[in-house]
Every structure is written in structure tokens, then in C-alpha cells.
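# Secondary and tertiary structure notes
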Amino acid sequence: MYAFEFERPDTVEAAVAALKTEDAQALGGGQTLIPSLKQRLASPSRLVSLTAIPDLVGVCVADDGAVCIGGATPHVRVAADAAGSYPALAALAANIGDPAVRNRGTIGGSLANNDPSACYPAAALASGATIVTNARRIAADAYFQGLFTTALDEGEIITEVRFPVPEAAHYQKFEQPASRFALTGVFVAKYGDGVRVAVTGASEDGVFRWTEAEDALSADFSAEALAELSVPADGMINDLHGSGAYRAHLVKVLTGRAVAAC
Amino acid sequence: MPKDHGIGASPKRREDLRFLTGVGRYTDDINLRGQAHVHFLRSDVAHGRLTSVDTTAAAAMPGVVRIFTGADFEGVGGLPCGWQVTDRHGAPMQEPPHPVLAQGKVRHVGDPIAAVVAETREQARDAAEAIEVEIEELPAVVDMKAAVQDGAPKVHDDLTSNLCYDWGFVEDNREAVDKAIREAAHVTTLELVNNRLVANPMEPRVAVGDYAPGTDESTLYTTSQNPHVIRLLMGAFVLGIPEHKLRVVAPDVGGGFGSKIFHYAEEAFCTFAAKQLRRPVKWTSTRSEAFLTDAHGRDHVTRIELALDADNNFTALRTETYANMGAYLSTFAPSVPTWLHGTLMAGNYKTPLIYVNVKAVFTNTVAVDAYRGAGRPEATYQLERVIDKAARELGVDPIALRRQNFVTEFPYATPVAVEYDTGDYNATMDKLSQIADLAGFEARLADSKARGKLRGLGVNCYIEACGIAPSHLVGQLGARAGLYESATVRVNATGGVVVMTGSHSHGQGHETTFPQVIAEMIGIDEDQVEIVHGDTANTPMGMGTYGSRSLAVGGSAMVRAAEKVINKAKKIAAHLLEASEADIELKDGAFSVAGTDKSVAWGDVTLAAYVPHNYPLEEIEPGLEETAFYDPNNFTFPAGAYACEVELDPETGKVTIERFAAADDFGNVVNPMIVSGQVHGGLAQGIGQALLEGAVYDENGQLLSASYMDYAMPRADDVPFYQVDHSCQTPCTHNPLGVKGCGEAGAIGSPPAVVNAVVDALQRAGHDITHIDMPLSPSRVWAAMQG
Amino acid sequence: MAQVNMTVNGKPVSGEIEGRTLLSDFLREGLGLTGTHVGCDTSQCGACVVHVDGAAIKSCTMFAAEAAGADVTTIEGMANADGSLGVVQQAFQDHHGLQCGFCTPGMVMSAAALLKDTPRPTEAEIRDYLEGNLCRCTGYHNIVKAIMAASGQDVSAVAAE
């Protein structure tokens, strides 16, 4: 690791101020960032830890019924505290990484990193979540902008993620055998005004909505409604763990299973 | 009633106490006063000419002690190869030099170009980034068959080609085998890949070099399975340090599986640099570095043909294998696809004619050498897969086909130069049938079907050869080492025993099992016996632990030394009891005179040996300490039968192991608990090979599976509880304990069972699939199902 | 360099650290607690698992500075007060749940964390919970069995030895 200054503020304001230093970087749970620092793939001048800010940790239900999760809330807390309010989201959180990773990794860290195989982006996009930062509110549809790319500006901190709670939802994750990240993961969320389907792990452009399935499922919320659909293999990730065609196939299989499990 | 001590008992492991409380002492736990740290700058291209290595700027970086490059090792020996294979035409293999640091060329990603020694690890790494390296990149050779084509880029410019050797075995059988295959009633042919694996002991390699100027003694602390071998190879061939000035210590070692047999550049570097710099030098591998520097395993591409007569008797077997050596010859690499592979091609069967051809090939990849099983898994896999395929082609039961062709009379001389001393393959198959509940398969199949899943059953046999020996024979076969083992049994004055063994324990539990043997022989408590291993300064010259040899060879040496001790003790006892030596019996820790009630305790005899007041000094020397070197006169031949049941998700191709059963014949068993544990671990590695693991290079020689993010290690939820049994015991006929070796069996016998089961599941579902190459990942299985 | 204070195995400790000092490095090199092992650099093997404020975490994927003020427990703190093996440790020995010992500290720490939340885990729950702990020696059989035994379950039906 390259050397850096380490700061651990206890307010959002202090964190935002600390991140104004050139090449400063926010540190969530560090479960992805620290391994990449070890490989010297990043060289921040200063790391600003967000996990000691009490305001950023916790799960609650807002007046409009949305489940609100503090940006520095570890997966283990989401798994436990959202189990009643948004079970599919809690179940997703309960299956990210392994228990030790879930004790440290945070929702804000995951969404800020936007790994193309991460689980949370699928939930956020399928739920039409709002990414709340220290500066603004960003709709999920505008937030995810490709591999490891988001709408966040330099130094902008995710303070909260607000999930409208669907009538029914389910996340199906098919694990890459080595990393146990999603080789392909599909989050299906059924709302009163329609169904949203978000896919992670599969596309070269990162998390995406499978709109054809959304249309079909909005008309007929059953696995059979997908029968005539197919996902093109073009633009799907092709690596040693699976071809683009395989991932495209999995998208359909997992969507069907998610619907069936709703 | 199971025994509670001695041979056949399962006492809890004594070494566990330190491992469970965090006070084990692994090499990385060693930090010497004044130690500096080394970081190796490694090639990031697979093949290239080093045109310039400029360390000027780097040398001025903070904390840098000194930077070494290949030029510093001119005049220093290279890493030696310990086995010379002679090819079909009588010529020796091509044997390129292997410098400690690259000279002139880099030949694989990870090849060390420079070594930066600095005050801290991070400073060393900082400075390594400041080294200016110019490499003229050359086309990489990765595919073995392409590597041996005319005009292929050469990994080593001074060799005639990338072909290390073209080995035929038994060459005199070649024509007869060809003829038998031409004339056979049925020939089953299979082409397959034995996937490249990375051993991945959980402890990465570490080396700490130290030098004492006052005595001119060098010490290397290293993660090794065989410290004496490292001392000999490094001292004699690399650095020119005589053994009496070189000590190699392998303390607690966190697993090896073969990858810690070999002598590595980092060991030589740390020892060399410590002497140059007059201060300790430490290197700790990261896991990422381990993927690029630890010797890999397997990586064979094979075509096998099995000929059968009209009655389904095996009549001939012919194989052609390309075996990857990687960029350099690792310590025992040439022996793995030849003498550890060709000699096992008879398997458990009385095939009369066998011919094995192996072409060993250099490529721009990490060196390949022995990994748990080493040659025997490759032999077993192809043989058991082709038999399964033959059974399906002929429409006969695969178990019946095997039984029909079993070797049933022993000793049995195979057509591939080895003699099986004992075995009972029908007995292990019978046992397997019982513990695997083969009779219940149909019901489980129906249950899987009801849940929309495919189910398959795979069964196979294996035989392996452990305790490679004897030395005079392996010398003829090209080994540049002896393959004996040693032990010194030192009895202290108050009766306690210390055994100094050349075997090395890195998970096998020798500190528990070896005392069981001594306790049984003498009749004292096991806690009276201590095992010393892993330090060349206080153990006799030994060959270490690999090839499932510790008990069969090292244990035999210990028994021989203990017998010498007991014989001498009987003389002392005879003197003390005023009886004839011939009448002295040792039982339960006391010497008695046969037919009388006269006896003397073990402790009184041992005390007399060191306080020889009343002692036959004119006949024997004082003291009670003996050493034995044991050189076996044959291999041992463990064998068994394995069964795997898989469930397969037809929508995703994902295979899960539902049941796995292993019935092994290891001869006599000293500690059943530890033997079962060895089998469990081997099974997980074999299942890992079959379903999960694979080291994959791209066409440019970049390792794609270079971390646990892409190299799938078996996890707890990838495997089931196993059913293992080793109650079928045909004791080895030629070692004193009648033991065979159990360390590798699980890894050898399990891959074909898994693949046979998957093929079975797919064929039951109507798929015309006869083979899928390992690892049978979901995507591969799914792709095969798409046709 | 900065000063960090924390409690490790019940004792207050302090030391000089850099921002980049990992908790595993602080434990091993700063405090000499070498029972915590480092087996990978991608946060997967779990040999470095310790407890921070009661939660199992990978100490190679947490900065020492993040543990400031925390209560840390390592394998060295798992024995009983009289020095005898704790329940999980004893079960690992009784059921041969370790071979080379390198993954063992992390396995024991993870197992202890599991049993704190799930006093009688099923086989499947144990295997799932160990997703972040790699063992290359045991094939997991005796580790799973040991954890079941540590939770007071009868494991005599599990394949012997």
C-alpha cells in the first residue's frame, strides 16, 4: 500500500471537509477498497473513514413508507433491521460476501464503487431507490453510469439510500464460483405501477434494467410471461467463468425464479 | 473395542494445542534482529528480452539497502533439477539453466528481474516501482501443441526446441501395443485435459536468510516440506555452501501439498543476500505472488485408447500425453509425468500391454511440478474415465467391467515395470458398495427427478504408489537423490524418548502418530516420546515428506532405530538381571526374564545406560541412542474404490456433490482419525479439481486466475460430509509396519468419480455427452448441454 | 505515525501506527500476537479473522486506526482463564478439525462468532457461515463436525473419525 493520511471524522460535515483535500478518498467498510490498495491500484493522499459517523448508520422507515438505510450501514445491519420492512433487500444483504465481510462492508461503499458484479446495485435499480448524498438526491436510474462509474461527484458522500418498498420482490444470485460475487444476479420488484427488473453481474456496462421483462411482467406477473423473451448475448461479460451467452441465459432463468419466489 | 493408545488408537493430536491457541511458530512469525525485507520486481510479460535494468533511481529511495539483479548472480549456480529423464531415443532431456534472478530473458509472468532489499516491505516495494526496466517483448508460447510446432518461439534460445523430452514407456511394448489395438474387438478413445492447478497451501511461502560472520554459518528459515533437500540443493548447486556451514529450518509449515518440496529462487536469494549484507533478509509471499511463483500442478493433455476383446477383457492401453513443464524445470518436474505417471497406467487391472508416450514441453508459464498425487491423479483420471466410457459404449455395468479386469493375484508384475505386493480390489469395491449405499441410488435418483434435478452416480478405482523407492532403482531412472529416510531414536537417562526424524510434518500429525509407534514398541506412554523434525541442525539427513512416504519410509526408519535401541537395552537389562540376553522380553515398559518373575523397569535400564556403574562396559558403550536409514525395496501400493453422487441443475448447469464415499486399503493404520482426515482433505482437493479449480492463461501468457477472486478454491459449502472407510487392509509386505500411505489417495481417486457421475447424470437425461473437461463449472456443463 | 489505543484480549494496548497499518499487521508485528495469520490479499481466506467489538472481521481488511477504542479478541484470547482450551478450541481438537493449523485461528474465531448468534446451527448453516474461511487440509468435514459438537449436538451419526 502507498502511504496516506487516515482520518475518522464523526460528522458528515467533517467528512465532507476532509474529502476536499486533493486525492482524498472516502472509505466505507473497505472490503473492496483495501484489497485494491494492497495491490497499489489506488493511491489516495488521504482516506476518510465514514464508519464512525453515527448519523450514517441505521435502518428506518420513512413517513412515505420507504426503507431508509444510512450510507455507512454494514450489510449485517441491513440483513437484520430490514428483514421486516423489506425482506428481499434484507435477504440480499444477508448473502453478500461472507459473514466477516458483511460485518464491515457498507451499502454506501458498495453503491459508490458500483462493481459490475455487486448485489446492491441490482436492488437499488430495481427498487427505483433514491441515492441521497450530502449534496443532493439522485434517482437510481440516473445514478448508475457503467462499470465502476456513478453520478457521484468528487468528494460526494452517500448519506442514505431510500428504497420504496414493493408489493413483492426477490433477488436471485447465481454465484461466480471463485469470488462468490454475482456471476449474474436478478432483482425483481413488483410495484403498484409496474414491475422493475434489474440485472447485475452480466453486462459489460454494469447493472441494467431488463425492460422487456418488466413490460411482460407488468402485464402478467408470472414466470410463464417470460417464455417468449430472450436476452441478447451481445454486450454480456465473457470471461473464464462464463460466456456472454451463458450469462444471457442466466438472466432469463434467474428472472423466472425470482418471480416464482415472490 | 478400539485401542486407547499405541498403534491403531486415535489419540488427540498434541500439536493442536499450540495451533489452537495461536502459539504455533510459522516462518512468517520469525523476525530476526536487524532484519531487512526483500521485494522482488517480477516480469509482467510472459516472454521478453531484458534490454536494460536501471536501478539508479531506485537505489536512492528511502530505506533501500541494496538492489540485486541477474548480474549479481553471474557465477552463482542456478536452481538445479533433481531428476533427469532419458527420452525414447536414449538422449537426456533438454535441461535449461534456471538463474536465481532473470538473466537476459524473462520467461513467464512472475519471473524475478530484480530484488530490492530495504528496511521495510513497503520501502522495498516503493523502490521496486522506481526500477526502470526495458523489455523487448517476444511472442509467448502457451499452448503445448503449438509450442512444439516448427518455428514456434523458443522459451530457451539455447535449446533445440521447446520439447524437454519425448518419453516412451515401455518402449519395447510399442509395436505390440499398436498391433493389439489394431486387432481389438473394441477400442475406446478419449481425449482429455488434466487441468492445471495451483496447490494453494493456506500459508504462503516465506524465507528468512541469516548469516553469522563469527562462524561463517548461514541459516535459512523456510516453508519447506524437506529442509535437508533444500540444504543439499541450495548449498551444493546454487550457493556453494558446505552442509556444515548451512542450516535449514522448516518450523511449523502451513500445508504443502507438494508445492513446498521444491527449491525456490527466493530461498537462495535470502540466504545469499543475508551473507552479502551481513544482516537477516526476509521475504513473505503474498497470495498474488504465490499464484505467479509457486510451482503449479497437473496440466496434461492426453489421448488414451483402451482395447478390449470380445469378452470385454482389457487387452491393451495406449496413451499420448503432452505435459507442461512451464518455463523452467522445477526440482522434480520431469519425474511427474514419467515415472510417477507411466508406471501407474495399469491401475487396478491386468491389462497385458501398455504403452505410454509423454512429451514434456516448455511454455511461457509458471513451472509445473508435483502437486498432491503428482502423476498418479493424471494416470488414474484418464484410465478410469476411459474405462467408464468403454462401459457405456459396450452397454455393460461400469463396476462389473472393472471387476472383470481386476488384478486378483499378488504379487503382480505390471507391464509398466512395477510389482504390486498386495491388494484386494474386490474387497474395497464391496466395501464401497456398502458405505456408498449404491443400492439406494435409484430411490435418490427418483427424489432428484421429482425436484427437477438430474442425478448421476460415478464409481471408479485407483491405485497409487507411495514411498518412491528404492534408491538404486530410482537412480537408474534418473533421480539425482536417494529416497531413503532417517531417524535417530535418543533415549534419555530417565527413560523419555526423543525421535529426530528426517520426515517433516506440515499437517500430517507426525508429532502424534510417530510416538504411537514408539509407545507400542516399548510399552511406555506416548507422552514420554517427543518428535523433533524440520531442522537440519538437530535431525539426521533425511529426504522429507511428500509422496505419502512419511510413515512407510520415515516411520520404518524410526522402527529400525528403535529396534536397535531395544536390542541394546535388552543387553543392559540382561546384565542387570544377570540373565541371558536371549531370555529378555520387553513388555509394557519393563524387561523381564522369560519364565521368571524377575524384571527391571525401562527407566532403570535407561538410567543404567547413562550412569553405567553396574554396566557391561567391556561389551557395549554407554548411552542409548541409535540412528537408522531405511531405504525401501519397493513402493507401497494403496488402492481403493470411490463413489460420487451428483445433482445437476439442468437450467444452470450447476453440479452439487450430494454424496461421496471412499473405501481405501492403506494396509495397517496407526491412527484412524488422522488417516480419515488425510482422506477428507484429499477428497476436497480432488473435488476442487473436478468442479472448481483451474489455472488459466490467456494467449499472451497472462494468468487469468491469479487470485482467489478467479481461482475457485473448495469451500465448506462445496462439499458434503464424506463416507470414508479404511477397514479393508492388506498390509504392505515389505516394510516393518505393514503400512502404505494415505496422504494423496483422496486427491488421486476422486476426480474421475465426479466426472463419471456428471456424465452419468447427463446421459440419463438423454444428452449425448461422453466427456467434459475439468473443471466442470456451471458454464461448461451448460455449454455442453447446448450441444 | 499516530498513536492507537485499543483493548486486545482484555488488556489495554497502544502502539504507533501509520494510516496504512492493517489491524492484522498491528496484531502480528506491533503486539507480537502471531496467532492471527494472513493467507491472502483479496480478503477471502479468513485466516486473519478476529473479533472487533464482538463481530468477526477480517483483520487484513481493516485498518488498525479503525479499531481505535475497540475491544479486540484474537485466537490468543480464546482459551479459558485457567489456560485450558475453550469450548470451540476443544471441539476442534476432539474432532481433528485442523491439520496444518494455518487456517485454524480464523476458523475458530468464525465458529465462535457463529455460535454466539446461532447456538445450535445446522450443518448447512455452518457450511454457509464458513464461506469466508478457506481450509486446504481438512476438506471441512471435521471442522463442520467440530462446530456441531461445540454447540452441544450429537455428532456420532456423522461419518466416524
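Since the model is a prediction, treat every value here as computed from it, not as a measurement.

On to the overall build of chain A. Helices and strands together make up the secondary structure of chain A, namely ten helices and twelve strands. Since a compact globule built from 262 residues should have a radius of gyration of about 18 Å, the 18 Å found for chain A is in line with a globular shape. Expressed as a percentage of the 262 residues in chain A, the buried residues total 60%. Across chain A, contacts joining residues at least 24 apart in sequence account for 57% of those joining residues at least 6 apart. A total accessible area of about 9,700 Å² is found for chain A, and carbon and sulfur atoms account for 48% of it. Of the charged side chains in chain A, 19 are positive and 30 negative, and the gap between their average positions amounts to 6 Å.

The next subject is the interface of chain B and chain C. At the junction of the two partners, chain B supplies 56 residues and chain C supplies 51 residues. Where chain B abuts chain C, roughly 4,500 Å² becomes buried across the two surfaces, and 58% of that area is made up of carbon and sulfur atoms. Taken as a group, B:Leu20, B:Met202 and B:Phe721 account for 19% of the area that chain B buries against chain C, more than any other trio of residues on that side. Counting across the interface, chain B meets chain C through five salt bridges. The residue B:Glu122 makes a salt bridge to C:Arg20 at a minimum N-O spacing of 3.9 Å. Our enumeration of links across chain B and chain C arrives at 27 residue pairs in polar contact (both at pLDDT 80 or more). For the side of chain B that touches chain C, the secondary structure elements donating two or more residues are helix H1 (16-20), helix H8 (287-293) and helix H17 (672-692) of chain B. By residue number, the principal contributor to the side of chain B that touches chain C is H17(B), which donates ten residues. Grouping the constituent residues of the side of chain B that touches chain C by class yields 26 nonpolar, 18 polar and twelve charged.

A few words now on the pattern of salt bridges. Two side chains bearing opposite charge may form a pair once their charged atoms approach each other closely. Following the criterion strictly, the structure yields 80 salt bridges over all chains and no others. One salt bridge connects A:Arg77 with A:Asp81, and the closest N-O pair in it is separated by 2.8 Å. A residue pair is termed a helical-turn pair when its members lie 3 or 4 positions apart in one helix, as A:Arg77 and A:Asp81 do in helix H3 (residues 75-81) at four residues. The class of A:Arg77 is partly exposed, set by a relative accessible area of 33%. Between B:Arg402 and B:Asp388 there is a salt bridge; the shortest N-O distance is 3.2 Å. Of the two residues, B:Arg402 sits in helix H10 (residues 398-405) while B:Asp388 sits in helix H9 (residues 376-394), which places them 14 residues apart along the sequence. Connected through shared salt-bridge partners, B:Asp437, B:Arg444, B:Asp447, B:Arg451, B:Arg455, B:Glu645, B:Glu647 and B:Arg659 make up one network.

With that out of the way, let us pick up the nonpolar core. In terms of nonpolar packing, the biggest core is built from 196 residues, with B:Tyr165, B:Leu432, B:Tyr642, B:Phe660, C:Phe92 and C:Ile147 touching the most fellow members. No other element matches helix H18 (residues 745-764) of chain B, which puts ten residues into this core. Setting aside residues no more than four positions away along its own chain, B:Tyr165 makes contact with B:Val85, B:Asp87, B:Met93, B:Met325, B:Pro334, B:Pro337, B:Thr338, B:Val358, B:Lys359 and B:Ala360. Listed in part, the 43 residues of the second largest apolar core include B:Ile524, B:Ala562, B:Ala608 and B:Ala628.

The subject of this paragraph is the pairing of strand S22 (residues 497-501) of chain B. Within a regular beta strand, the side chains point alternately toward one face of the sheet and then the other, so they alternate between its two faces. Residue and element names in this part refer to chain B. The element S22 is extensively covered by neighbouring structure, given that five of its five residues are classed as buried. Alternating positions in S22 separate into two faces, Val-497, Val-499 and Thr-501 on one and Val-498 and Met-500 on the other, with burial throughout. Relative to S22, strand S21 (residues 485-491) runs antiparallel, the two being bridged by five bridges. Following the sheet pairing, Val-491 is matched in S22 by Val-497.

All names here are of chain A. Assigned domains of chain A: these are domain 1 (5-163) and domain 2 (168-261). Measuring from the centre of the C-alpha atoms in domain 1 to the corresponding centre in domain 2 gives 23 Å. Tallying the contact residues gives 24 residues for domain 1 and 21 residues for domain 2. Buried surface at the junction of domain 1 and domain 2, summed over both partners, amounts to about 1,700 Å²; 60% is from carbon and sulfur atoms. Of all residues in domain 1, Ser-117, Leu-125 and Ala-126 give up the largest surface area on contact with domain 2, accounting jointly for 28% of the area buried on that side. Our count for the domain 1 to domain 2 interface comes out at ten residue pairs in polar contact (both at pLDDT 80 or more).

Residues and elements named next belong to chain A. With antiparallel pairing, the five strands of this open sheet are ordered in space as S4-S5-S8-S6-S7. Of all the strands in the sheet, the pair left with one neighbour each is strand S4 (59-61) and strand S7 (137-139). Looking at each pair of strands side by side, their axes are set apart by 20 degrees on average, direction ignored. Bridge count between strand S6 (residues 130-133) and strand S8 (residues 158-163): four bridges; the pairing is antiparallel. Bridge pairing in S8 places Val-132 opposite Glu-160.

What follows deals with empty space enclosed by the protein. All names here are of chain B. Applying the stated criterion to the full structure yields eleven cavities of 30 Å³ or more. Considering only enclosed or pocket space, the second largest cavity measures out at about 250 Å³ in volume. Along its surface, the second largest cavity is lined by 23 residues, and Leu-79, His-98, Tyr-264, Thr-293 and Ala-367 are the ones closest to its centre. Elements with a contribution of two residues or more to the lining of the second largest cavity: helix H7 (265-277) and H8. Looking at the lining of the second largest cavity residue by residue, the class counts come to twelve nonpolar, eight polar and three charged. Each of domain 1 (35-138) and domain 2 (296-468 + 634-785) gives at least three residues to the lining of the second largest cavity.

This part is about the packing of H9(B) against H18(B). All names here are of chain B. Close contact between H9 and H18 brings their axes to 8 Å; oriented N to C, the two are set at 25 degrees. What the angle tells us is that H9 and H18 run roughly parallel. In the packing of H9 onto H18, the handedness of the crossing is right-handed. Only Ala-747, Ile-748, Pro-751, Pro-752, Val-755, Asn-756, Val-759, Asp-760 and Gln-763 of H18 make contact with H9, whose side of the interface consists of Arg-376, Pro-377, Thr-380, Tyr-381, Glu-384, Arg-385, Asp-388 and Arg-392. In terms of residue class, the contact of H9 with H18 is made up of eight nonpolar, three polar and six charged.

Attention now moves to the interface of chain A and chain C. Each partner contributes residues to the interface: chain A has 30 residues there, and chain C has 21 residues. The contact between chain A and chain C buries some 2,100 Å² in all, and 55% of this surface belongs to carbon and sulfur atoms. If you sort the residues of chain A by the area they bury against chain C, A:Lys38, A:Pro99 and A:Arg104 come out on top, with a joint share of 23%. For the pair chain A and chain C, the interface holds three salt bridges.

As a further point, take the side chain of A:Ser203. Residues and elements named next belong to chain A. Mapped onto the elements of the fold, Ser-203 is located in the loop between strand S11 (194-200) and strand S12 (208-209). Here the side chain of Ser-203 touches Asp-205 through a polar contact of 2.9 Å, landing on its backbone nitrogen. Ignoring any residue separated from it by four or fewer positions in sequence, one finds Ser-203 in contact with Leu-147, Phe-208, Gly-235, Met-236 and Ile-237.

This part is about the sheet that holds strand S12 (residues 246-249) of chain B. Residue and element names in this part refer to chain B. Strands sit in the order S3-S5-S1-S13-S10-S11-S12 across an open sheet of seven strands; the sheet is mixed. Across the chains shown, the open sheet's two edge strands, defined by having one partner strand only, are strand S3 (64-69) and S12. Geometrically, the sheet is characterised by an average inter-axis angle of 20 degrees between neighbouring strands, direction not taken into account. Bridging between S3 and strand S5 (residues 112-118) involves five bridges; their strand directions are antiparallel. Its bridge partner being in S5, Phe-68 is matched across the sheet by Ala-115. Strands strand S11 (217-222) and S12 of the sheet are contacted by helix H6 (residues 227-239), whose axis makes an angle of about 145 degrees with S12. The strands touched by H7 within the sheet are strand S1 (36-42), S3, S5, strand S10 (206-212), S11, S12 and strand S13 (281-284), with S10 carrying the most contacts at an inclination of about 30 degrees.

In the structure shown here, the tally under the stated rule is 33 aromatic pairs over all chains. For the ring pair A:Tyr246 and B:Trp782, a centre distance of 5.2 Å and an interplane angle of 50 degrees mean the geometry is tilted. Taken together, the residues span two chains, with A:Tyr246 in helix H10 (residues 244-261) and B:Trp782 in helix H19 (residues 778-785). Each member of the pair, A:Tyr246 as well as B:Trp782, carries the same accessibility label: buried.

Further remarks concern the domain arrangement of chain C. Residues and elements named next belong to chain C. Partitioning chain C into domains gives domain 1 (2-76) and domain 2 (87-150). Of the residues lining the interface, 17 residues belong to domain 1; the matching set on domain 2 comes to 16 residues. Here domain 1 meets domain 2 over a buried area of about 1,200 Å², counting both sides, of which 63% is carbon and sulfur. Looking only at domain 1, the three residues that lose the most surface to domain 2 are His-37, His-51 and Ile-75, adding up to 40% of its buried area. Scanning the region where domain 1 abuts domain 2 turns up zero salt bridges. For the side of domain 1 that touches domain 2, the elements supplying multiple residues, two or more each, are strand S3 (49-52) and strand S4 (55-58). The element contributing the most residues to the side of domain 1 that touches domain 2 is S3, with three residues.

Rules of the game
Residues numbered from 1 in each chain as written. Chains lettered and ligands numbered in written order. Predicted model: local features only at pLDDT ≥ 70, side-chain atom pairs only at ≥ 80, totals over all residues. Heavy atoms only, no water. Helix = DSSP H or I, 4+ residues; strand = E, 2+ residues; numbered from the N terminus. Rg over C-alpha atoms; globule rule 2.2 N^0.38 Å. Buried < 20%, exposed > 50% of the residue type's maximum accessible area, 1.4 Å probe, protein only. Contact = heavy atoms within 4.5 Å. Areas by Shrake-Rupley, 256 points an atom, 1.4 Å probe, with all protein chains shown as cover. Lys, Arg positive; Asp, Glu negative; His and termini not counted. Charge placed at Lys NZ, Arg CZ, Asp CG, Glu CD. Buried area = accessible area lost by both parts, 1.4 Å probe. Salt bridge = Lys/Arg side-chain N within 4 Å of Asp/Glu carboxyl O. Polar contact = N/O pair within 3.5 Å; in protein donor to acceptor, adjacent residues only side chain to side chain. Nonpolar A, V, L, I, M, F, W, Y, C, P; charged D, E, K, R; others polar. Core = buried A, V, L, I, M, F, W, Y, C linked by side-chain atoms within 4.5 Å. Pairing = 2+ DSSP bridges. Domains from an automatic or database assignment. Axes fitted to C-alpha atoms, helices over the stretch in contact; angles between N-to-C directions. 1 Å grid on protein atoms, 1.4 Å probe; cavity = no way out; pocket = protein on both sides within 12 Å on 5 of 7 lines; lining within 4 Å. Points joined across faces, edges and corners; volume = space filled by probe spheres on them. Parallel < 35°, antiparallel > 145°, perpendicular 65-115°, else oblique. Left-handed = near helix turned anticlockwise from the far one by under 90°. Phe/Tyr/Trp six-rings, centres within 6.5 Å; stacked < 30°, edge-to-face > 60°.

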